[in-house]
Amino acid sequence: MGSILSGSRTQRGGRKALEALPTARLTLRVLHAVNRAPGPVVRPESSDLATVVHGHQQWLVELSVTPLNFGGHRRWMVCPECGGRREALHVLGDRLACRVCLGLRYGCQHENRRARLVRRIDKIRVRLGWPPGPLAPAAGKPPGMRWGTFHRLAGELDMLTDALVGNVVKWIDGAEAMLGRRGKTTV
Ligand SMILES: [Zn+2]
């Protein structure tokens, strides 16, 4: 619990996870020849459909074309989960999806937001003369502080702690999605 609430996991975690995932990339070259690089293989089936093969797994992926300013086209893979046009899709468990759907980018945002909340909570707790840390025990009104000030700070502290707990719930949702425990949409 301490590691979740303290914000000690840095944003590096999310990026590393992304780099480590098998990634399917679509370029014009792989549309004409089977990609021989290690990792997922993109095999075109038609002008708007491709099969991504990774080990014994495979997914059918839609292709999308947008015109370029100076002629020619740019091809994209359509994320099977959100329908967004993507340059790369990643394999995570039995899912093939973009980084947004896999929760990798959101993971970082939650890390930063959580760390900010913990810092704000600690600042108020120090003003109250309480030990820092969202789960540390609360003490009463410090001597010499006005009751009005105390109630305002205590109310703010409650709000921030609620926000932190909500944030952790979202973070757990993202982590579960990353592990492929939900939202399975394999074609
Ligand atoms: Zn997506």
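A look at the overall build of the protein chain
Then comes step 1: Scanning the protein chain from N- to C-terminus turns up 5 helices and 8 strands.
Then comes step 2: Counting from the amino terminus, the protein chain carries its helices and strands in the arrangement α-α-β-α-β-β-β-β-β-β-β-α-α.
Then comes step 3: Across the 187 residues of the protein chain, 22% fall into the buried class.
Then comes step 4: Considering only intrachain contacts with a sequence separation of at least 6, the fraction spanning at least 24 residues in the protein chain is 50%.

Some remarks on the pairing of strand S2 (residues 41-46)
Then comes step 1: Note that S2 and strand S3 (residues 49-54) share 5 bridges and pair antiparallel. Its bridge partner lying in S3, Arg43 is registered against Thr51.
Then comes step 2: Where S2 folds back on S3, the antiparallel hairpin that results is connected by 2 residues.

What to know about the sheet that holds strand S6 (residues 85-86)
Then comes step 1: Here 5 strands make up an open sheet; going across it, the order is S2-S3-S4-S5-S6 and the pairing antiparallel. Lying at the two open borders of the sheet, with one neighbouring strand each, are S2 and S6.
Then comes step 2: Direction of pairing for strand S4 (residues 57-67) relative to strand S5 (residues 73-78): antiparallel, over a ladder of 5 bridges. Looking at the pairing, Pro67 lines up with His73 of S5.

A look at the environment of Leu96
Then comes step 1: If you trace the backbone, Leu96 turns up in strand S8 (residues 95-97).
Then comes step 2: Under the C-beta neighbour-count criterion, Leu96 is labelled buried, with 28 such atoms within 10 Å.
Then comes step 3: Considering only alpha carbons, one finds Leu96 and Glu81, 15 residues apart in sequence, at a separation of 8.2 Å.
Then comes step 4: Apart from residues lying up to four places away in sequence, Leu96 is in contact with Ala24, Val52, Trp59, Pro80, Leu89 and Val91.

Topic: the sheet that holds strand S7 (residues 88-92)
Then comes step 1: Within the open sheet, the 3 strands sit side by side as S1-S7-S8. Their pairing is antiparallel. Here the strands that pair on one side only, and so sit at the sheet edges, are strand S1 (23-25) and S8. Within this sheet the neighbouring strands show an average axis-to-axis angle of 20°, counted without direction.
Then comes step 2: Pairing of S1 with S7 involves 3 bridges; the strand directions are antiparallel.

Details of the nonpolar core
Then comes step 1: Residues Ala24, Val52, Val61, Leu89, Leu96 and Ala97 are the most contacted members of the largest nonpolar core, which totals 17 residues.
Then comes step 2: Of all the secondary-structure elements, those providing two or more residues to this core are S3, S4, S7 and S8.
Then comes step 3: Beyond its immediate chain neighbours, meaning those up to four positions away, Leu89 contacts Ala24, Val52, Val61, Met77, Cys79, Leu96, Ala97 and Cys98.
Then comes step 4: In this structure, Ile121, Leu157, Leu160 and Leu164 belong to the second largest nonpolar core, which totals 6 residues.

Analysis parameters
Residues numbered from 1 in each chain as written. Predicted model: local features only at pLDDT ≥ 70, side-chain atom pairs only at ≥ 80, totals over all residues. Helix = DSSP H or I, 4+ residues; strand = E, 2+ residues; numbered from the N terminus. Buried ≥ 20, exposed ≤ 12 C-beta atoms within 10 Å, placed from the backbone. Contact = placed C-beta atoms within 7 Å. Pairing = 2+ DSSP bridges. Axes fitted to C-alpha atoms, helices over the stretch in contact; angles between N-to-C directions. Core = buried A, V, L, I, M, F, W, Y, C linked by C-beta atoms within 7 Å.

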